[in-house]
Amino acid sequence: MDSRNPNSVFRVIEMATEDRGRQKPNVLVTGTPGTGKTTTSSLVAEATGLRHIEVGDLVRRKNLHNGWDENFDCHVINEDLVCDELEDMMYEGGNIVDYHGCDFFPERWFDRVVVLQTNNSILHDRLTSRGYSGAKLTNNIECEISKCCWKRRESAMRRTSWSHYRVTPWKI
Ligand SMILES: Nc1ncnc2c1ncn2[C@@H]1O[C@H](COP(=O)(O)OP(=O)(O)O)[C@@H](O)[C@H]1O
């Protein structure tokens, strides 16, 4: 998917609105860090008026975590606090939730799940330039190669319709 192309952007939303009775759809955008979730979600949100919820940012701003993981250089997310924080917004509908995991979200929240992937060497460069190294870098690249996010979607969101996109990097 070219995330700057309005046709492919709107296709995701059209498919979501068809699926359930909510007035506005809730879409989960998942994939390994660096695959383009935040970039794509914010473009879709801008084009559609849906609310973009970047879960990592929400966790930092609202302290929805159990401290800092020194090994992986990230917060240890408190899944219960995150779900409590999101529940009312998800009930209302009209959200694009952007997170690399999906297995702790209630499946009833979502009308569509979108899994993003990108080329592994591009992903490696993006994560390196983001400062990832050592186990954190290896872990994420291995996760992408073994399609972890895809598999998690399969087991955690098995009844929800879904799309998989290999995001085409735009030329700079
Ligand atoms: N389609 C794209 N083409 C080129 N660069 C992209 C594309 N999507 C994302 N990027 C770049 O890749 C990097 C990671 O994107 P980001 O949206 O932050 O990924 P994620 O949210 O999955 O961690 C950013 O520097 C972003 O500008």
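Treat the numbers as computed from the prediction; the structure is a model and nothing was measured.

Enquirer: Summarise helix H2 (residues 37-48); cite the residues concerned and give the values.
Expert: For H2, spanning 12 residues, the distance from its first C-alpha to its last is 16 Å, which sits close to the expected 16 Å at 1.5 Å a residue. Three or more residues of H2 are buried, namely Lys37, Thr40, Ser41, Val44 and Ala45. Around the axis of H2, the buried residues are gathered within 135° of arc, so they sit on the same side. Of the residues one or two after H2, Gly49 is the one with positive phi, at around 85°.

Enquirer: Describe the environment of Thr138, listing the residues and the values that go with them.
Expert: Positionally, Thr138 belongs in helix H6 (residues 134-145). With 14 residues separating them in the primary sequence, Thr138 and His124 have C-alpha atoms 9.0 Å apart. Separated by 2.9 Å, the side chain of Thr138 and the backbone oxygen of Gly134 make a polar contact.

Enquirer: Can you lay out the layout of surface pockets for me, pointing to particular residues and giving the numbers?
Expert: Computed from the structure, the largest pocket encloses a volume of approximately 1,300 Å³. Forming the boundary of the largest pocket are 43 residues, of which Pro33, Lys37, His100, Arg130 and Tyr132 lie nearest the centre. Secondary-structure elements contributing two or more residues to the lining of the largest pocket are H2, helix H3 (55-62), strand E3 (65-69), strand E4 (74-77), H6 and helix H7 (148-156). Taken together, the residues that form the lining of the largest pocket break down as 16 nonpolar, 15 polar and 12 charged.

Enquirer: Give me the lowdown on the environment of Thr168, citing residues and values where you can.
Expert: Among the structural elements, Thr168 can be located in the segment after strand E7 (162-166). The class for Thr168 is partly exposed, based on a relative accessible area of 43%.

Enquirer: Summarise the sheet that holds E7; cite the residues concerned and give the values.
Expert: Adjacent strands of a sheet form backbone hydrogen bonds with each other and so pair up, either parallel or antiparallel. With parallel pairing, the 5 strands of this open sheet are ordered in space as E2-E5-E1-E6-E7. If you trace the sheet from one side to the other, it starts and ends with strand E2 (51-54) and E7, each paired once. Sheet twist, expressed as the average angle between the axes of neighbouring strands with direction ignored, equals 20°. Where E2 lies against strand E5 (residues 95-98), 4 bridges are found, and the strand directions are parallel.

Enquirer: Before we move on, can you summarise the nonpolar core with the specific residues and values?
Expert: Counting residues in each nonpolar core, the largest one holds 21 residues, and the members touching the most others are Val82 and Phe105. Elements with a contribution of two residues or more to this core: H3 and helix H4 (79-92). When residues in this core are grouped by element, the largest group, 4 residues, is from H4. Counting 10 residues, the second-largest nonpolar core is a separate cluster that includes Val27, Ala45, Leu116 and Tyr165.

Enquirer: Let's hear about the state of the cysteines: which residues, and what values?
Expert: All told, the structure shown has 0 disulfides when counted by the stated rule. Cys143 carries a free sulfur, and the closest cysteine sulfur to it, the one in Cys148, is 3.2 Å from it. Of all cysteine sulfurs in the structure, the one in Cys143 sits closest to Cys149, which takes part in no disulfide; the separation is 4.6 Å. According to the relative accessible area criterion, Cys149 is buried, its value standing at 5%.

Enquirer: An account of the side chain of Ser41 is requested, with residue identities and associated values reported.
Expert: The residue Ser41 is located in helix H2 in this model. A distance of 2.6 Å separates a polar atom in the side chain of Ser41 from the backbone oxygen of Lys37. Excluding its chain neighbours within four sequence positions, the residues that come into contact with Ser41 are Val29, His52, Ile96 and Asp98.

What counts as what
- Residues numbered from 1 in each chain as written.
- Predicted model: local features only at pLDDT ≥ 70, side-chain atom pairs only at ≥ 80, totals over all residues.
- Heavy atoms only, no water.
- Helix = DSSP H or I, 4+ residues; strand = E, 2+ residues; numbered from the N terminus.
- Expected span 1.5 Å × (residues − 1).
- Buried < 20%, exposed > 50% of the residue type's maximum accessible area, 1.4 Å probe, protein only.
- Arc of directions from axis to C-beta.
- Polar contact = N/O pair within 3.5 Å; in protein donor to acceptor, adjacent residues only side chain to side chain.
- 1 Å grid on protein atoms, 1.4 Å probe; cavity = no way out; pocket = protein on both sides within 12 Å on 5 of 7 lines; lining within 4 Å.
- Points joined across faces, edges and corners; volume = space filled by probe spheres on them.
- Nonpolar A, V, L, I, M, F, W, Y, C, P; charged D, E, K, R; others polar.
- Pairing = 2+ DSSP bridges.
- Axes fitted to C-alpha atoms, helices over the stretch in contact; angles between N-to-C directions.
- Core = buried A, V, L, I, M, F, W, Y, C linked by side-chain atoms within 4.5 Å.
- Disulfide = S-S within 2.5 Å.
- Contact = heavy atoms within 4.5 Å.

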